[in-house]
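# Structure assessment
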Amino acid sequence: MTFSIPPLDQLPDPAIALHATAADWRSAIRAVAAALTASGCSEPSYGDRMIALVEEYGPYIVIAPGLAMAHARPGPDVTAPGIVVVTLAEPVTFGHAYNDPVSVILGLAATEADQHVAAVASLANLFNDESLIPALAAATSRDEVRRLLGAAHPQSGEDS
Amino acid sequence: MKIVALCGAGIGTSEILRVNAVRALDRLGLDADVSASDVANVAVAAAGAQVILTSPELVGSIGRTNADIVVIQNYFDLDEIAAKLEAAIG
């Protein structure tokens, strides 16, 4: 199977939403779901499942200060694998013990459990630079987001 | 040595934690088999594991285990991950 998530510095316009207005974390995840739907990756019910994951397990998707990664398991409402980036006009709190408030949310849709792995590994490379989250939050154009996401490239070999 | 990175759905966050744990172990000069899993499968995935890496929110969902549970606050902070892994296994 061909890996079909585009490189992060080539994310299409519908996969990037800047300064979305969200009153709370559920509304912020709905904005992520809207971007995934606009990108042709999922049906709106995927947003309900991303919210349900947080309701079940808590705000563990807030994985770094200011950053959440919304996602749910693969399912029939995922039509294509993809990643979206949503920045918020005003940060929202998820109730995380250390990493609130959140201003940048990545949305991940996978059609099978292992398909996303290469893209996720490249995310890990990028966000090891702690200046990236505030830079993304402040970005004013999609091209700026793409440029920031292209700043680092996956390293060769096993994550050394 | 076996280490399991744990999240709620088994995609996404646990994979980020796995990748950065491998890097942190490299930095420490330690060798380990690091895998990613979800809470629903933790009993099987973590059988025989020395360490479970996870987020503060998921600790209560893990249940009974002989592994050391290491809580990571910032999944991208290699200093934090390396220090906590070293304390657990070094």
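### Focus on the nonpolar core
Residues and elements named next belong to chain A. Formed by 96 residues in total, the largest nonpolar core has its most connected members in Phe94 and Phe127. Of all the elements, helix H1 (residues 25-38) adds the most residues to this core, at eight residues. Ignoring any residue separated from it by four or fewer positions in sequence, one finds Phe94 in contact with Trp25, Ile29, Pro59, Ile61, Val62, Ala68, Asp100, Val102 and Ile105.

### A closer look at the packing of H1(A) against helix H2 (residues 45-57) of chain A
All names here are of chain A. Where H1 contacts H2, the two axes come as close as 8 Å, and the packing angle between them is 145 degrees. Crossing hand, H1 versus H2: right-handed. Residues Trp25, Arg26, Ile29, Arg30, Val32, Ala33 and Leu36 of H1 form the contact with H2, whose participating residues are Tyr46, Gly47, Asp48, Met50, Ile51, Val54 and Glu55. Taken together, the residues of the contact of H1 with H2 sort by class into nine nonpolar, one polar and four charged.

### Let's talk about the pairing of strand S1 (residues 2-7) of chain B
All names here are of chain B. Counting buried positions over the six residues of S1 gives five, a clear majority of the element. One crossover worth recording links S1 to the parallel strand S2 (residues 33-38) by way of helix H1 (residues 13-28), and it is right-handed. The pairing of S1 with strand S3 (residues 51-54) spans three bridges and is parallel. Within S3, the position partnered with Ala5 by the bridge is Leu53.

### Brief notes about the packing of aromatic side chains
Residues and elements named next belong to chain A. Counted under the stated rule, the structure contains three aromatic pairs over all chains. On the numbers, 6.5 Å between centres and 80 degrees between planes, the contact of Tyr57 with Tyr60 is edge-to-face. Just as Tyr57 is buried, Tyr60 falls in that class too.

Calculation rules
Residues numbered from 1 in each chain as written. Chains lettered and ligands numbered in written order. Predicted model: local features only at pLDDT ≥ 70, side-chain atom pairs only at ≥ 80, totals over all residues. Heavy atoms only, no water. Core = buried A, V, L, I, M, F, W, Y, C linked by side-chain atoms within 4.5 Å. Buried < 20%, exposed > 50% of the residue type's maximum accessible area, 1.4 Å probe, protein only. Helix = DSSP H or I, 4+ residues; strand = E, 2+ residues; numbered from the N terminus. Contact = heavy atoms within 4.5 Å. Axes fitted to C-alpha atoms, helices over the stretch in contact; angles between N-to-C directions. Left-handed = near helix turned anticlockwise from the far one by under 90°. Nonpolar A, V, L, I, M, F, W, Y, C, P; charged D, E, K, R; others polar. Right-handed = clockwise from strand over helix to strand, strands pointing away. Pairing = 2+ DSSP bridges. Phe/Tyr/Trp six-rings, centres within 6.5 Å; stacked < 30°, edge-to-face > 60°.

Note that every value here comes from positions in space, so none of it alone points to a role or purpose.
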